[in-house]
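Architecture and fold: a report
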Amino acid sequence: MRAALATDVLQPLHDALDELSRAVEGEDHDLTQCLMDAYDQQVRAYLDEHDARIDAGSLRGLIARQQQLSIRMAARRDEAATHITADRRAVRASLAYLRAESLT
């Protein structure tokens, strides 16, 4: 019974993670930031309200989902960085070709 109650109490946090995940997958960076801030506040409020009654087992699933989302976000960040670096190289190469062409 207690585990079921804990799961019900955690459901809004799981729902918030679902919404955050959709924003990340949709590459809506502004919405992602807002949702991350809201999720952080929800978690803090949950911990403040349920401090003495927190069931570690119920939190494991939530924490695992947070970690999976963090890993996906880091992968997307790294992918974006790779694209930015490639774009910068392409621009530098184009400029070099244009300079070389103007010398002839």
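Some points on the overall build of the chain
Tallying secondary structure elements over the chain gives three helices and zero strands in all. Going residue by residue from the N terminus, the α and β elements of the chain occur as α-α-α. For a compact globule of 104 residues, the expected C-alpha radius of gyration is about 13 Å, and the chain comes in at 22 Å, more than 25% above that figure. Dimensions of the chain along its principal axes, counting C-alpha atoms only, are 80 × 20 × 20 Å. Classification of the 104 residues of the chain by burial places 19% in the buried group. Taking as baseline every contact in the chain between residues at least 6 positions apart, the subset at least 24 positions apart corresponds to 73%. As presented, the chain carries roughly 7,900 Å² of accessible surface, and 56% of it is formed by carbon and sulfur atoms. Across the chain, the mean location of the 13 positive side-chain charges is 7 Å away from that of the 18 negative side-chain charges.

Regarding the side chain of His14
When you line up the elements, His14 lands in helix α1 (residues 2–25). Leave out the neighbours within four places in its chain, and His14 touches Gly61, Leu62 and Arg65.

Observations regarding a nonpolar patch on the surface
On the surface, a cluster of nonpolar side chains totalling about 270 Å² of accessible area is made up of Val91, Leu95 and Leu98. Its place among the elements puts Leu95 in helix α3 (residues 56–103). When its relative accessible area of 39% is taken as the criterion, Leu95 is described as partly exposed.

Observations regarding the nonpolar core
One recurring pattern in soluble globular proteins: nonpolar side chains tend to sit buried together. One finds Leu10, Leu13, Leu17, Leu20, Tyr39 and Leu62 to be the most contacted residues of the largest nonpolar core, which totals 14 residues. Those elements that place two or more of their residues in this core are α1, α2 (29–50) and α3. Sequence-distant contacts of Leu10, that is, excluding residues within four places in its chain, are made with Tyr46, Ser58, Leu59 and Leu62.

Side note on the environment of Thr32
Among the structural elements, Thr32 can be located in helix α2. On the basis of relative accessibility, which here comes to 8%, the residue Thr32 falls in the buried class. For the pair Thr32 and Leu20, spaced twelve residues apart in sequence, the C-alpha to C-alpha distance is 6.0 Å. Here Ala23 takes part through its backbone oxygen, which lies 3.5 Å from a polar atom of the side chain of Thr32.

Reading the values: rules and limits
Residues numbered from 1 in each chain as written. Predicted model: local features only at pLDDT ≥ 70, side-chain atom pairs only at ≥ 80, totals over all residues. Heavy atoms only, no water. Helix = DSSP H or I, 4+ residues; strand = E, 2+ residues; numbered from the N terminus. Rg over C-alpha atoms; globule rule 2.2 N^0.38 Å. Buried < 20%, exposed > 50% of the residue type's maximum accessible area, 1.4 Å probe, protein only. Contact = heavy atoms within 4.5 Å. Areas by Shrake-Rupley, 256 points an atom, 1.4 Å probe, with all protein chains shown as cover. Lys, Arg positive; Asp, Glu negative; His and termini not counted. Charge placed at Lys NZ, Arg CZ, Asp CG, Glu CD. Patch = residues over 30% accessible without salt bridge, like charges linked within 9 Å, V, L, I, M, F, W, Y side chains within 5 Å. Salt bridge = Lys/Arg side-chain N within 4 Å of Asp/Glu carboxyl O. Core = buried A, V, L, I, M, F, W, Y, C linked by side-chain atoms within 4.5 Å. Polar contact = N/O pair within 3.5 Å; in protein donor to acceptor, adjacent residues only side chain to side chain.

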